[in-house]
Amino acid sequence: MGAVWRRPEIFMFIAGVVMGLTLFGYFFNVPTVIDWVTWLQTFATHISYFATWLGFLTAARVHIYNIQRRTPGVWYFSIVMFASCLIPFLAALPEIANPSITNPIYTWPFNWVYTPLGAALYATTGFYIFSAAYRAFRARSLEATILLVAGCLVMLGNAPIGELIWNKIPDINNWLQMTGQTPGMRALNITAALGIVYFGLRVAVGAEKRVTTLGTGGG
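Residues numbered from 1 in each chain as written. Predicted model: local features only at pLDDT ≥ 70, side-chain atom pairs only at ≥ 80, totals over all residues. Heavy atoms only, no water.

J.: Before we go on, may I ask you to explain the overall build of the protein in this structure?
T.: When helices and strands are counted, the protein shows eight helices and zero strands. Starting at the N terminus and walking to the C terminus, you meet the elements of the protein as α-α-α-α-α-α-α-α. For the protein, long-range pairs separated by at least 24 residues make up 20% of all intrachain contacts whose partners lie at least 6 apart in sequence. Working note: accessible area of the protein is about 17,600 Å², and carbon and sulfur atoms make up 72% of it. (Helix = DSSP H or I, 4+ residues; strand = E, 2+ residues; numbered from the N terminus. Contact = heavy atoms within 4.5 Å. Areas by Shrake-Rupley, 256 points an atom, 1.4 Å probe, with all protein chains shown as cover.)

J.: Whenever I open this one, the layout of surface pockets confuses me. Can you help?
T.: A water-sized probe rolled over the atoms picks out the places where empty space is left. Its volume calculated, the second largest pocket comes out at about 170 Å³. A150, G151, V154, L176, Q177 and Q181 together form the lining of the second largest pocket. Counting only elements with at least two residues in the lining of the second largest pocket, the list comes to α5 (142-158) and α7 (169-204). Broken down by class, the residue content of the lining of the second largest pocket amounts to three nonpolar, three polar and no charged. (1 Å grid on protein atoms, 1.4 Å probe; cavity = no way out; pocket = protein on both sides within 12 Å on 5 of 7 lines; lining within 4 Å. Points joined across faces, edges and corners; volume = space filled by probe spheres on them. Nonpolar A, V, L, I, M, F, W, Y, C, P; charged D, E, K, R; others polar.)

J.: What's the story with unusual backbone geometry in this structure? I'm lost.
T.: One can expect most non-glycine residues to show negative phi and most peptide bonds to be in trans. One non-glycine residue, R70, lies in positive phi territory at about 50 degrees. Tracing the backbone through its elements, the reader meets R70 in the loop between α2 (31-69) and α3 (75-92).

J.: Is there a simple way to think about the side chain of N66 in this case?
T.: Looking at where N66 falls in the secondary structure, it is placed in helix α2. Not counting residues within four places of it along the chain, the set of residues in contact with N66 comprises T71, V74, W75 and S78.

J.: Sorry, what's going on with the confidence of the model for the protein here?
T.: Low pLDDT means the predicted atomic positions in that stretch should not be read closely. Scored by pLDDT, the protein comes out at a mean of 79, with 84% of its residues at no less than 70. For the protein, the element scoring lowest by mean pLDDT is helix α8 (residues 209-215), at 52; α2 scores highest, at 88. (pLDDT = per-residue confidence, 0-100.)

J.: Help me understand the environment of G180 in this model?
T.: With respect to the element layout, G180 can be found in helix α7. Overall, the relative accessible area of 42% leaves G180 in the partly exposed class. For the pair G180 and A150, spaced 30 residues apart in sequence, the C-alpha separation works out to 9.8 Å. (Buried < 20%, exposed > 50% of the residue type's maximum accessible area, 1.4 Å probe, protein only.)

J.: What should I look at first to understand a nonpolar patch on the surface in this one?
T.: On the surface, I10, F11, F13, I14, V17 and V18 cluster together to form a nonpolar patch covering roughly 510 Å² of accessible area. By the element assignment, I10 lies in helix α1 (residues 7-27). (Patch = residues over 30% accessible without salt bridge, like charges linked within 9 Å, V, L, I, M, F, W, Y side chains within 5 Å. Salt bridge = Lys/Arg side-chain N within 4 Å of Asp/Glu carboxyl O.)

J.: Got a minute to help me understand the packing of aromatic side chains in this structure?
T.: Aromatic ring pairs: the centre-centre distance and the angle between the two ring planes describe each pair. On inspection of all chains with the given rule, the structure shows eight aromatic pairs. Note on Y26 and F27: the rings are 5.1 Å apart at their centroids and 85 degrees apart in plane angle, and the pair reads as edge-to-face. For the pair shown, Y26 and F27 are each scored as exposed. Ring geometry for Y76 and F77: centres 4.9 Å apart, planes at 55 degrees, overall tilted. On the basis of relative accessibility, which here comes to 54%, the residue F77 falls in the exposed class. Clustering of aromatic rings is evident, with ring pairs tying together W36, W39 and F43. (Phe/Tyr/Trp six-rings, centres within 6.5 Å; stacked < 30°, edge-to-face > 60°.)

J.: Honestly, the environment of Y76 in this entry has me stumped. Any pointers?
T.: Examined against the element boundaries, Y76 turns out to sit in helix α3. By relative accessible area, which is 41% here, Y76 ends up partly exposed. Sequence-wise, Y76 and N66 are ten residues apart; in three dimensions their C-alpha atoms are separated by 8.5 Å.

J.: In this structure, what is going on with helix α4 (residues 104-136)? I would like to understand it.
T.: Helical geometry note: an α-helix holds 3.6 residues per turn, so side chains three or four residues apart project in the same direction. In this model, α4 (33 residues) spans 45 Å end to end at C-alpha, consistent with the 48 Å of a helix rising 1.5 Å per residue. Of all the bends in α4, the greatest measures close to 35 degrees and is centred on F110. (Expected span 1.5 Å × (residues − 1). Bend = angle between axes of the 7 residues up to and from the residue.)

J.: What am I meant to see in the side chain of N173 here?
T.: The topology assignment puts N173 in helix α7. The contact partners of N173, leaving out residues within four places of it in the chain, are L153, V154, G157 and N158.

J.: Can you walk me through α2 in this structure?
T.: In this model, α2 (39 residues) spans 57 Å end to end at C-alpha, consistent with the 57 Å of a helix rising 1.5 Å per residue. Taken as a whole, α2 has its buried residues at V33, V37, L40, A60, H63 and N66.

J.: Help me understand the environment of D35, please; the structure alone is not making it clear to me.
T.: Position of D35 among the secondary structure elements: in helix α2. Residue D35 is classed as exposed on the basis of its relative accessible area, which comes to 53%. Between the C-alpha atoms of D35 and G25, which are ten residues apart in sequence, the distance is 8.7 Å.

What follows is the structure in structure tokens.
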């Protein structure tokens, strides 16, 4: 028998086979390959469900430990987090055979707990964004001046006072976001996609040393 594969090499081989089948099934209409790709996608979905349950059990273990030990400053938050996960799950058990997303068990916490908390958190981040913009938007160069002017126009265009100052500001805001920003974002997305494909190919052929190092437990 030849040389025994090390564990990272097995993982890289599996990743390469899966990636190759997925790419081939996407670009070529071969029924057998498409069936295999569909099966792999279904398998990945089930794995994600398992990962979700594993994450919940891991988080529950940590929070139960905090509650039992009365960890200073965090144990009462652990009660809230654990109860918010456990109560809807237990309440949904009687209708597990016929679940409904319109059930108040799910809609009430989302509409009256999660949504207001999310809005409050988002409003709080506005102050941090403003302070960061104040430090970043300093007209020390031509590029910084352009960024400063564009940022001010966008903020004024999204605020009611902008139209009162000048009725053309909303139109400039729309142009900056649609015509000025979209090409740059698309270029970034294409570059990121090419980088992901390149990284995936390096992993598939075993040329990415960082993955091999992590797999062997090295530094």
